[in-house]
Protein chains: 2
Amino acid sequence: MKATTLPAESGADALQASCRALAERARQAARELAWVPSERKNRWLLAVAEALEREQDSLLRANAEDMAAAPQRGLNAAALDRLKLTPARLQAVAQGVRQVALLPDPVGEIRGGERRPNGLEVCKIGVPLGVIFFIYESRPNVTVDAAALCVKSGNAVILRGGSEALQTNLALTQLLRTLLARCGLPEDAIQSVPTSDRAAVGYFLRWPDCIDLVIPRGGKSLIERVVAEARMPVLKHYDGNCHVYVDAAADLDMAERIIVNAKCQRPGVCNAAESLLVHANIADIFLPRIAAALQQHGVELRGCPETCRRLPGITPATEEDYAQEYLDLILSIKVVHSLEEAIEHINTYGSHHTDAIVTRDLQAARLFAQRVDSAAVMINASTRFHDGFEMGLGAEIGISTDRFHARGPCGLRELTTYKYLVTGEGHIRE
Amino acid sequence: MKATTLPAESGADALQASCRALAERARQAARELAWVPSERKNRWLLAVAEALEREQDSLLRANAEDMAAAPQRGLNAAALDRLKLTPARLQAVAQGVRQVALLPDPVGEIRGGERRPNGLEVCKIGVPLGVIFFIYESRPNVTVDAAALCVKSGNAVILRGGSEALQTNLALTQLLRTLLARCGLPEDAIQSVPTSDRAAVGYFLRWPDCIDLVIPRGGKSLIERVVAEARMPVLKHYDGNCHVYVDAAADLDMAERIIVNAKCQRPGVCNAAESLLVHANIADIFLPRIAAALQQHGVELRGCPETCRRLPGITPATEEDYAQEYLDLILSIKVVHSLEEAIEHINTYGSHHTDAIVTRDLQAARLFAQRVDSAAVMINASTRFHDGFEMGLGAEIGISTDRFHARGPCGLRELTTYKYLVTGEGHIRE
């Protein structure tokens, strides 16, 4: 690794020059990696999985340094848990890398084409995006996951992890790079930003000639900074304000099961439910029942006036409640008087991430599927299934809340673009 | 049309409020249009085609106003020709609209999916992008083409044409909107920016909540302004610095035919050739021959030293020549000593738009196709075939030089995104 850390006396110019050199090496590595056979990339992935298990001790030692420094940085218990590596966690990461090796290579994939009437053959072929700048927070497993997905899809990646995981990430990156070289792949296909200086991020965002895509994974303020500064496309993952709508024609047992799962199975993630809509026709029967089930799981309920009338004692919901992603054991509830009102509410207050209907009525299911403008629409299934692995795309680098390029889970194919290959026999245009 | 022109005394606040109201109407219209059946959109397209022919007189009158005002605006002969409508041109536009009606609807198209091992059904479905802000120059036919493509793909469009075509565009937009209403479609799906004030463009670029995509069609400075200001994705169409490489194993008759076509058939367009690379092994024979053919067509040649040695009297080429899109009867020439050198030159100096190889050697063709990083790679065919219609995508709104979302011709499908529909039977995640 040519530049893992910079001397403390380096000025802003030296930092910028060092970042620029890194970005240019990434561009060059991306060109070399673009058409490497899948076999060689898979050999690297398997070597990484093996090394993560074999070189456990040195990786855990690097992680122990970060863990030791963490209390001074003010990390709380949850953050410490995210940062910590264990033998079991390393093994899980290794398993994930082996699964990426088994996924089909999106590079070189034929995505359509035809023989034109004049005999010209047109073929659309998957190719890598190029260089990806990936900004993420502390969990060190993300370093390996992201590198594995980027390299398998033929892209070079510049990693910018959280400063609290610096030693762990340096050790992991070193391991990944050493194995790239050993497998005959360009080692600069994986590089880390060599400083925690926040200015460095700004430099990279200004170089569309070297970087093709930024993926910021983190809080809203990070994403907004990146969107404002970046001169290249940004793949965004904003809020998941997800709804479950219980239709008049719902199977109420199924509705209860789905709501409890969507809200309680893992309340801190983006595809957990944050809001419940209940059709007025069944509100008298269903609301007391679902309230009891959710309160058993410790969920706080906040309702519209019609909900509060049926569930005396719960907190009234405000406009802000309906627009909010709690990421916690809180659920807003609203009684609606029609399917159309439910759809309108979801399209207005939701975040176009994941929304579910529970119904036996085919026409209601079809209308909901058509009209709800979300990356994933669930019919009689928990919102928690909005996930690359569950939906058959394999491992993912994130879930896009954008409409452009990729929507929903971003797996290997979403990390590529395409080119057209046009073959003739001396064809000219008249 | 609610706001075609603003009173002259309107201040910046009134202008901004009027633009905002227009953008919000577009958002609402896009929601309504998103799931309209194809049949109704096609009925509108056919009605438009008919009206363009039937209401020729009033359209030509509006165009005559623009033509009369054009000399004061300093338009030259070429610009005047682009601006002018004639009965024949209106008929060609109508024909283009009829072809769009015949194209398959990308909305509702099933783009993949599977039944998961747990029985969950996952389906990826084409949906519109939403609201498109389209900025373009004087040719009035573009107004109709863009509106036809946007509406067919379920998108609302905000049109910002050149001020020199204002009356023509207003008349066309009025016709398109009247027919939308008559066909039961939301008329605000097509709106024009009601002022030539350049500030208006800046307002729209700041409203990602109302606008999903900007397509600027025009000079580099326009595109750069839009990229710098836009807070939503931009579909860019930059330079086409296209190459033809004549391999050592080329059929020289074919090479001559392709080069003359690529350079001379329509030199002012983005897929015309700007640079010729010739393998050293055939340079002695081929260069004098192609020079004679091109000079017969009035092409000015600028060569590397090895070219100049073989073609005494031509202008030496500079570094800038190799990076330039002439859009004129000028061609830069370079002798290369290997396929690899040709590929390296193209990836370094080219604009990743369209590049061609002429060869009989399968291995050379394969390597060129893999390694040249361009939206379209041509084998034994003229660069002029990089075009939505020629490549079987139908009419196009532009050719993207971006890597993200869409690369190459942008037809109906490229104006859409997708959603996932996940159907279960009460599935919950364990």
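Predicted model, so just to flag it, every value in this text is computed and none were measured.

Caption draft 1: Expanded view of the interface of chain B and chain A. Listed as interface residues are 64 residues of chain B and, on the opposing side, 64 residues of chain A. Buried surface at the junction of chain B and chain A, both sides included, amounts to about 5900 Å², of which 53% is carbon and sulfur. When residues of chain B are sorted by the area they lose upon contact with chain A, Phe404, Tyr420 and Arg429 of chain B head the list and together hold 16% of the total. The tally of links between chain B and chain A comes to four salt bridges.

Caption draft 2: Main features of the packing of helix α2 (residues 38-54) of chain A against helix α7 (residues 166-182) of chain A. Residue and element names in this part refer to chain A. Relative orientation of the contacting elements α2 and α7 amounts to 140 degrees, with a least axis distance of 10 Å. Viewed along their axes, α2 and α7 adopt a mutual orientation that is oblique. The interaxial crossing formed by α2 with α7 has right-handed handedness. Across the interface between the two elements, Trp44, Ala47, Val48, Ala51 and Leu52 of α2 pack against Leu172, Leu175, Leu176, Leu179 and Leu180 of α7. Partitioning the contact of α2 with α7 into residue classes produces ten nonpolar, no polar and no charged.

Caption draft 3: Highlighting the relation of the copies chain B and chain A. Taken as rigid bodies, chain B and chain A are interconverted by a rotation of 180 degrees and an axial shift of 0.0 Å, the fit giving an RMSD of 0.1 Å. Taken together, the rotation angle and the small translation identify this as a two-fold axis. For chain B, the smallest separation between a C-alpha atom and the rotation axis is recorded for His405 of chain B, amounting to 1.8 Å. When the interface residues of chain B are mapped onto chain A, 100% of them again lie at the interface, so the same face is used by both copies.

Caption draft 4: Unusual backbone geometry, seen in detail. All names here are of chain A. Even without a glycine there, the phi angle at Asn380 is positive, about 50 degrees. Structurally, Asn380 is set in strand β13 (residues 376-381). The class of Asn380 is buried, set by a relative accessible area of 10%.

Caption draft 5: Geometry of the pattern of salt bridges. If you walk through the whole model with that rule in mind, you get 58 salt bridges over all chains. The salt bridge partner of Lys236 of chain B is Asp402 of chain B, with a shortest N-O separation of 3.2 Å. Of this pair, Lys236 of chain B sits in the loop between α9 (220-229) and β7 (242-246) while Asp402 of chain B is found in the loop between β14 (398-400) and β15 (408-410), placing the two residues 166 residues apart along the sequence. When sorted by exposure, Lys236 of chain B lands in the same class as Asp402 of chain B, which is buried. We note a salt bridge from Glu274 of chain B to Lys263 of chain B, for which the minimum N-O separation is 3.2 Å. Remark: Lys263 of chain B occurs in helix α10 (residues 252-264) and Glu274 of chain B occurs in strand β8 (residues 273-279); sequence separation between them is eleven residues. Where salt bridges share partners, they join Arg25, Arg177, Glu187 and Asp188 of chain A into one cluster.

Reading guide: rules and limits
- Residues numbered from 1 in each chain as written.
- Chains lettered and ligands numbered in written order.
- Predicted model: local features only at pLDDT ≥ 70, side-chain atom pairs only at ≥ 80, totals over all residues.
- Heavy atoms only, no water.
- Contact = heavy atoms within 4.5 Å.
- Buried area = accessible area lost by both parts, 1.4 Å probe.
- Salt bridge = Lys/Arg side-chain N within 4 Å of Asp/Glu carboxyl O.
- Axes fitted to C-alpha atoms, helices over the stretch in contact; angles between N-to-C directions.
- Helix = DSSP H or I, 4+ residues; strand = E, 2+ residues; numbered from the N terminus.
- Parallel < 35°, antiparallel > 145°, perpendicular 65-115°, else oblique.
- Left-handed = near helix turned anticlockwise from the far one by under 90°.
- Nonpolar A, V, L, I, M, F, W, Y, C, P; charged D, E, K, R; others polar.
- Least-squares fit on C-alpha atoms with pLDDT ≥ 70 in both.
- Buried < 20%, exposed > 50% of the residue type's maximum accessible area, 1.4 Å probe, protein only.

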